[in-house]
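Chain by chain, the residues run as shown.
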Amino acid sequence: MPSESACRAEIERLHDSFVAWFTGSADRDDFGAIADALDADFEMIVPGGRRRGRAVVLDSTRAADGRAGPGTVDLDGRNVEIRHDRGDCAVVRYEEWQETPDGTTARVSTVLLREDDEAPNGLRWVDVHETWMDDPDTRQRPT
């Protein structure tokens, strides 16, 4: 059963990998730090309600390599809590705060993480569902 500290560490690790990729500070060979974390059946629902499979998420992330520029993006996972755990899986909820040149946005992310010895930090991302937070100062147009 995944521990809360292991889930928190994996959330931080993946978000740090995204920041490094988007700002151009990651080596192009480091894309595996993102790709290897996502399950073959990975799916994400973004705050606007669109569903995105693994291939779409990875293709759009790969295409964004360095576009943001150094020091322009920050992702912060806050208030991580395990909502349910069953055997080798956990449903984890946290706040994701994003800072970009366009401003700050915040969303509640609910993820299903599955233990997998071959995944980074031993956890594989199976499903993500993001919802805008209530504060209108931390929202942007749905994507």
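Notes on the structure follow. (Residues numbered from 1 in each chain as written. Predicted model: local features only at pLDDT ≥ 70, side-chain atom pairs only at ≥ 80, totals over all residues. Heavy atoms only, no water.)

Quick word on the nonpolar core
So, point 1. Ile-34, Phe-42, Val-92, Val-111, Leu-113 and Trp-125 are the most contacted members of the largest nonpolar core, which has 29 residues in total.
So, point 2. Looking at this core, the element that brings in the most residues is helix H1 (residues 4-23), giving 7 residues.
So, point 3. Here Phe-42 is in contact with Arg-52, Gly-53, Arg-54, Val-57, Trp-125, Val-126, Asp-127 and Val-128, once residues within four sequence places are set aside. (Core = buried A, V, L, I, M, F, W, Y, C linked by side-chain atoms within 4.5 Å. Buried < 20%, exposed > 50% of the residue type's maximum accessible area, 1.4 Å probe, protein only. Helix = DSSP H or I, 4+ residues; strand = E, 2+ residues; numbered from the N terminus. Contact = heavy atoms within 4.5 Å.)

As for the pairing of strand E6 (residues 123-132)
So, point 1. Taking burial as the measure, the 10 residues of E6 include 7 buried ones, the bulk of the element.
So, point 2. With 4 bridges joining them, strand E1 (residues 38-45) and E6 adopt parallel strand pairing. What sits directly across from Ile-45, in E6, is His-129.
So, point 3. Bridge count between strand E5 (residues 103-115) and E6: 9 bridges; the pairing is antiparallel. Within the sheet, the bridge partner assigned to Val-108 lies in E6 and is Thr-131. (Pairing = 2+ DSSP bridges.)

Some points on the side chain of Ser-109
So, point 1. With respect to the secondary-structure elements, Ser-109 resides in strand E5.
So, point 2. Beyond its immediate chain neighbours, meaning those up to four positions away, Ser-109 contacts Val-92, Arg-93, Tyr-94, Glu-96, His-129 and Glu-130.

This is a description of form; function is not addressed.
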